[in-house]
Amino acid sequence: MAINRDFLGRVYESPQPYEVTRGKIREFADAISDPNPVYRDRASAEAAGHADVIAPPTFPIIMGMEGAGQAIVDPDLRLDYSMMVHGEQRFSYSRPMRAGDVVNCVTTITEIKSLGRNELITLKSELSTVEGEHIVTTRNLLVVRDGAEPAEQK
Amino acid sequence: MTANVRYADVEVGTELPEQTYPVRRLDLVRYAGASGDFNDIHWNERIAKAVGLPNVIAHGMFTMAEAGRLVTDWVGDPGALVEYGVRFSAPVVVPDDDKGAELVVTGVVTEKRDDNRVVVAITARSAGAKVLARSTAVVRLA
């Protein structure tokens, strides 16, 4: 089943802001086995010029996935989650995310297209503090394998 | 931001030290919990095979996180990262044994930009397959 093209341009806002905590950052850094002290130790982070411990560069995917999650569970989008794989991911940072940030996420469906037998959907998420300071923009390309409609029989 | 690498010391063609990162089933379970991505194909062999995969595969975002360490360990301060983008070109297949899979990551400086920024092209391989392609990081050096 092809993805519903009517969803192009649709916008999803996080129902509540995400509070970035030192404990969650440490848990995420442990999960990627990255021992860098700026993720754990405030003095190390301050010595590197940061106001508090910073989050690993891919940490904002937690908020991006919440945004994408709102879109992809909508049955009218007709996206087969079981056949979905991650195609591309991009982050553009204004600054590193850090403990104490309270983050809003606004996700837009920016592209839906077919490529061969696959369906491709691109989601862009803008992550900013509740005060309005931009932190990072994420772009997430998802591929639904064998999602395209079969070519018309001749 | 205090990068440990100086812009003046880097040329186009400068190679980052190659790194090898282990990817075991336990790593994927931990990553699922920390990230909130509980897609079955990252921990359930039965379901992974049922949807046509050779075995459990790593989260793309776990692979991206490990490959990013090549750059953030090189510059010292992860806050020096300006952009980071990857294309997932093949899955990292993770067998159910103590060793798991290995991710071999290499990087080379391909461009020097203004404002002390450089572009690093990143390649990651696992079991001989290129798992990240056309992947780049832009970092601001000291």
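Computed from a predicted model, the values in this text were never measured in an experiment.

Secondary structure assignment for chain B yields 3 helices and 5 strands. Helices and strands in chain B line up, N terminus first, as β-α-α-α-β-β-β-β. The dimensions of chain B, computed from C-alpha atoms along their principal axes, are 50 × 30 × 25 Å. Each of the 142 residues in chain B was classed as buried or not, and the buried ones make up 52%. Summarising the internal contacts of chain B: among those between residues at least 6 apart in sequence, 68% fall at separations of at least 24. The average position of the 16 basic charges and that of the 19 acidic charges among the side chains of chain B differ by 3 Å.

This next bit is on the overall build of chain A. Secondary structure summary: chain A contains 3 helices and 6 strands in total. For chain A, the sequential pattern of α-helices and β-strands runs β-β-α-α-α-β-β-β-β. Along the first, second and third principal axes, the C-alpha atoms of chain A reach 70 × 30 × 20 Å. Here the contacts in chain A between residues at least 6 apart in sequence split such that 70% fall between residues at least 24 apart. When the accessible area of chain A is evaluated, it comes to approximately 7,300 Å², of which 50% is carbon and sulfur surface. Averaging the coordinates of the 17 positive side-chain charges in chain A and doing the same for the 23 negative ones gives two points 4 Å apart.

Residue placement: His 86 of chain A occurs in strand E3 (residues 84-93). A polar contact of 3.3 Å, which involves the side chain of His 86 of chain A, links it to the side chain of Asn 140 of chain A. The residues contacting His 86 of chain A, other than those within four sequence positions of it, are Asn 140, Leu 141 and Leu 142 of chain A together with Met 61 and Phe 88 of chain B.

Let's shift gears to the packing of aromatic side chains. Per the counting criterion, the structure on display carries 5 aromatic pairs over all chains. Joined through ring pairs, the aromatic side chains of Tyr 18, Phe 28 and Phe 59 of chain A together with Tyr 31 and Phe 62 of chain B make up one cluster. In this arrangement the basic side chain of Arg 10 of chain A is found over the ring face of Phe 7 of chain A, its NZ or CZ atom lying 3.8 Å from the centre. Sitting over the ring of Tyr 7 of chain B, Lys 112 of chain B keeps its end group 4.2 Å from the ring centre.

On to the UniProt feature "domain: FAS1-like dehydratase" (unreviewed entry) in chain A. The positions UniProt marks with the feature "domain: FAS1-like dehydratase" (unreviewed entry) are residues 8-137 of chain A. Annotation note: span residues 8-137 of chain A, helix share 22%, strand share 35%, distance between end C-alpha atoms 18 Å.

We now examine the interface of chain B and chain A. At the interface, 34 residues of chain B touch 34 residues of chain A. Summed over both sides, the interface between chain B and chain A buries roughly 2,800 Å², with carbon and sulfur atoms accounting for 55% of that surface. The tally of links from chain B across to chain A stands at 1 salt bridge. The partner of Arg 69 of chain B in a salt bridge is Asp 34 of chain A, with the nearest N and O atoms 3.9 Å apart. One can count 11 residue pairs in polar contact (both at pLDDT 80 or more) joining chain B with chain A. Mapped by element, the contributors of at least two residues to the side of chain B that touches chain A are helix H1 (25-35), helix H3 (60-75), strand E2 (81-88) and strand E5 (129-140) of chain B. For the side of chain B that touches chain A, the residue count by class is 14 nonpolar, 10 polar and 10 charged. Two elements, E3 of chain A and E2 of chain B, share 5 bridges in a ladder whose sense is antiparallel. The residue bridging Arg 90 of chain A from the neighbouring strand is Gly 85 of chain B, located in E2 of chain B.

Let us now look at the environment of Ala 90 of chain B. Residues and elements named next belong to chain B. Looking at the element boundaries, Ala 90 is found in the loop between E2 and strand E3 (101-112). Put simply, Ala 90 and Ser 126 are 36 residues apart on the chain and 9.0 Å apart in space, counted from C-alpha to C-alpha. Setting aside anything within four residues of it in sequence, one finds Ala 90 in contact with Ala 129, Lys 130 and Val 131.

What counts, and at which threshold
- The residue numbers shown here count from 1 along each chain, following its written sequence.
- As they are written, the chains are lettered A onward and the ligands numbered 1 onward, keeping that order.
- Only residues with pLDDT of 70 or above have their local features reported here, since the model is predicted, and side-chain atom pairs are shown and tallied only from 80 upward, although totals for entire chains, interfaces and linings are computed over all residues.
- To get the side-chain values, all heavy atoms of the structure are used, and hydrogens and water are removed first.
- By the criteria applied, helices consist of DSSP H or I runs no shorter than four residues and strands consist of E runs no shorter than two, each listed in order from the N terminus.
- Between buried and exposed lies partly exposed: a residue is buried under 20% and exposed over 50% of the maximum accessible area for its type, with that area taken using a 1.4 Å probe on protein chains only.
- Contacts are residue-level and defined by heavy atoms, with any inter-residue pair within 4.5 Å sufficient.
- Positive charges come from Lys and Arg, negative ones from Asp and Glu, while His and the chain ends are left out of the count.
- Charge coordinates come from a single atom per side chain, which is NZ of Lys, CZ of Arg, CG of Asp or CD of Glu.
- Here the Shrake-Rupley method, with its probe set to 1.4 Å, supplies the accessible areas, and only the displayed protein chains count as covering residues.
- A 3.5 Å cut-off defines polar contacts: any pair of N or O atoms within that distance qualifies, except that in protein one atom must be a possible hydrogen donor and the other a possible acceptor, and neighbouring residues in sequence count only when both atoms are side-chain atoms.
- Here the aromatic set is Phe, Tyr and Trp, taking the six-membered ring for Trp, and pairing holds for ring centres within 6.5 Å; pairs whose planes are under 30 degrees apart are stacked, those over 60 apart are edge-to-face, and all others are tilted.
- Put simply, a charge is over a ring when the Lys NZ or the Arg CZ is close to the ring centre, within 6 Å, and near the line of the ring normal, within 35 degrees.
- UniProt positions are given in the numbering used here, feature names are shortened, and annotations may be inferred rather than shown by experiment.
- By definition, the buried area sums, over both parts, the 1.4 Å-probe accessible area that each loses when the two are put together.
- Salt bridges are defined as contacts in which a side-chain nitrogen from Lys or Arg sits within 4 Å of a carboxyl oxygen from Asp or Glu.
- When residue character is reported, Ala, Val, Leu, Ile, Met, Phe, Trp, Tyr, Cys and Pro are called nonpolar, Asp, Glu, Lys and Arg charged, and the others, Gly included, polar.
- A pair of strands is considered paired only if DSSP assigns at least 2 bridges between the two.

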